[in-house]
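An overview of the molecular structure
The primary structure of each chain is shown beneath.
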Amino acid sequence: MERTVFLIDMQSFYASFEKVYQINLDDKPVVVAGDPKIRSGVILAACPIAKQWGIKTAEALWEAKNKCPDLVVIQPRMQAYLDASVEIASVLESFSDQVEPYSVDEIFVEMTYVLDGYEGDAYAAAHVMKRQMKRMLGVNARIGIGPTKVLAKMACDHFAKKTSDGIFSLTYNNLQEKLWPRAIGDLFGVGGRMKKHLQNMGIRTIGQLANFPLEQMQKRWGINGELLWRTAYGEDSSPVTVDTHIRRQGIGHHMTLTRDYCTWREVKVVLRELSEEVARRARANSYMGMTVSTGAGGHDFDFPTGFHRQRKLEDYTNDGTVIYHIVLRLFEEYWDGYPIRSVGITLDQLVPDTFRQLSLFHPIQDKEVLNHTIDDLKERFGNDAILHASSLTNAGQALLRAKKIGGHYK
């Protein structure tokens, strides 16, 4: 039996949700945008009417208002969107018991064993699914169909958005005709930096990558090179798993700063806050990690600055102080001194924290008790209940972010 996977993408999810919530906005151009005072009013979502004015996601709010003077701007309500995403997943679970959230507005559904109820017709099942979500939640969905998760994802991203019914199937049979002519940047897993590397190698389309010798990809990029090569053929053995966000490979946190941070004194403040946040999330999920990675970037995309490096620890940890000191060393070694606008920290090589090697030289048990006590206080009284004194300076972001979910107000 050939496998069938759906990727359901909520069309202009944040903006569509606001239009359902406020029916007086139904015929108006609506965008959801961050606080102009904090994030320069970046557009997070635009409804189809707003898009007709040429408004695009990620452009500045002032640019959007120049295109459409009557634009209705709504600040994001992340908790409401998260709650709606859970409801959407519940609707999809009525079709299949294998539902995997990929993001707030994207969800994978394994349909291989339930298509018999639709006479094996994936398009028929997709139409029923779209009608059900529209009827129960008021939102429109696009659906990508494929024999693997990666093909379903690319079917949705590059093709379903352009069809009249919002559905497209990308298969091994039409892959060469539909996918291979597309630019290499459209391949899932190819970011901006990798795109430039591949273009410098003369690889400008997905088809050119597919026809590039696998041995050379492996020699230059290792396992990642082989993964990209196989992705060009639609190969992906990963299952649709309901606990995909429980069994993690790494736990990280990234922050876009409200302004450029230019001094070492300011940078250390956010590094401490991020280190503590990553450690707290690791403890909340009962994990420890062996590798710490960090990176930073500037605000000018035309003149990219920054770095990304990692370092292996001597022992597994979920302690913020340990992570912080490793991050400090990496910054002292690799930061070029240019102003920083974004910074991130990740704890990798995770293992359950149910056991650990005892040390004769470090009071592990006492620190664990302290960390969990602080976690309990923050759980009861909020993330700003206990802070480092440095977070109260002008460089601190913890007080501001304590009021937000995913970087936006709740």
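If you're wondering where the values come from, they're calculated on a predicted model, not measured in any experiment.

Among the secondary structure elements, Ser94 is positioned in the loop between α5 (78-92) and β5 (99-101). A residue is classified by how much of its surface remains accessible, and Ser94, at 55% relative accessible area, is exposed. Separated by 35 residues in the primary sequence, Ser94 and Met129 have C-alpha atoms spaced 9.6 Å apart. At a separation of 2.5 Å, a polar atom in the side chain of Ser94 contacts the main-chain carbonyl oxygen of Val91.

Right, let's get into the environment of Leu151. Within the element layout of this structure, Leu151 appears in helix α7 (residues 149-158). As a C-alpha pair, Leu151 and Leu7 span 144 residues in sequence and 9.2 Å in three-dimensional space.

Bringing the pattern of salt bridges into the picture now. Throughout the structure, instances matching the rule amount to 14 salt bridges. Close ionic contact of Arg77 with Glu18 constitutes a salt bridge, the shortest N to O distance being 3.1 Å. One end of the pair, Arg77, is in the loop between β4 (72-74) and α5; the other, Glu18, is in helix α1 (residues 13-21), and 59 residues separate them in sequence. Judged by its relative accessible area of 24%, Arg77 is partly exposed. With a relative accessible area of 0%, Glu18 lands in the buried category. Each of Glu106, Lys153 and Asp157 takes part in salt bridges that share partners, so that together they form one network.

A positive phi angle, close to 45 degrees, is found at Ser12, a residue other than glycine. Turning to its location among the elements, Ser12 is positioned in the loop between β1 (5-10) and α1. For Ser12, a relative accessible area of 8% gives the class buried. At Ser286, a residue that is not glycine, the phi angle is positive and equals roughly 60 degrees. Position of Ser286 among the secondary structure elements: in the loop between α13 (264-284) and β10 (287-297).

This part takes up the sheet that holds strand β3 (residues 43-46). Taking strand neighbours across the sheet as the criterion, the three strands line up as β3-β2-β4 in an open arrangement whose pairing is mixed. Of all strands in the sheet, those bounded by a partner on one side alone are β3 and β4. Across the sheet, the mean angle separating the axes of adjacent strands is 30 degrees when strand polarity is ignored. Here α1 sits on the sheet and contacts β2 (30-33), β3 and β4; the angle it forms with β2, its principal contact strand, is near 120 degrees.

Now for the nonpolar core. Within the largest apolar cluster, 48 residues are counted, with the highest numbers of intra-cluster contacts made by Phe6, Ile8, Leu92, Met129 and Met133. If you tally residues by element for this core, the top one is α5, at eight residues. Excluding its chain neighbours within four sequence positions, the residues that come into contact with Phe6 are Ile107, Phe108, Val109, Met111, Ala122, Ala125, Ala126, Met129, Ile143, Gly144, Ile145 and Ala152. One finds Val270, Val292, Phe331 and Leu350 within the second-largest nonpolar core, a separate group that totals 32 residues.

Summed over the entire model, instances satisfying the criterion amount to twelve aromatic pairs. When the ring of Tyr14 is compared with that of Tyr81, the centres are 4.4 Å apart and the planes differ by 10 degrees; the resulting orientation is stacked. Of this pair, Tyr14 sits in helix α1 while Tyr81 sits in helix α5, and the two are 67 residues apart along the sequence. Of the two residues, Tyr14 and Tyr81, both sit in the buried class. For the pair Phe159 and Phe168, a centre-to-centre distance of 4.7 Å together with 20 degrees between the ring planes defines the contact as stacked. Residue Phe159 shares its accessibility class with Phe168, and that shared class is buried.

Analysis parameters
- Residues numbered from 1 in each chain as written.
- Predicted model: local features only at pLDDT ≥ 70, side-chain atom pairs only at ≥ 80, totals over all residues.
- Heavy atoms only, no water.
- Helix = DSSP H or I, 4+ residues; strand = E, 2+ residues; numbered from the N terminus.
- Buried < 20%, exposed > 50% of the residue type's maximum accessible area, 1.4 Å probe, protein only.
- Polar contact = N/O pair within 3.5 Å; in protein donor to acceptor, adjacent residues only side chain to side chain.
- Salt bridge = Lys/Arg side-chain N within 4 Å of Asp/Glu carboxyl O.
- Pairing = 2+ DSSP bridges.
- Axes fitted to C-alpha atoms, helices over the stretch in contact; angles between N-to-C directions.
- Contact = heavy atoms within 4.5 Å.
- Core = buried A, V, L, I, M, F, W, Y, C linked by side-chain atoms within 4.5 Å.
- Phe/Tyr/Trp six-rings, centres within 6.5 Å; stacked < 30°, edge-to-face > 60°.

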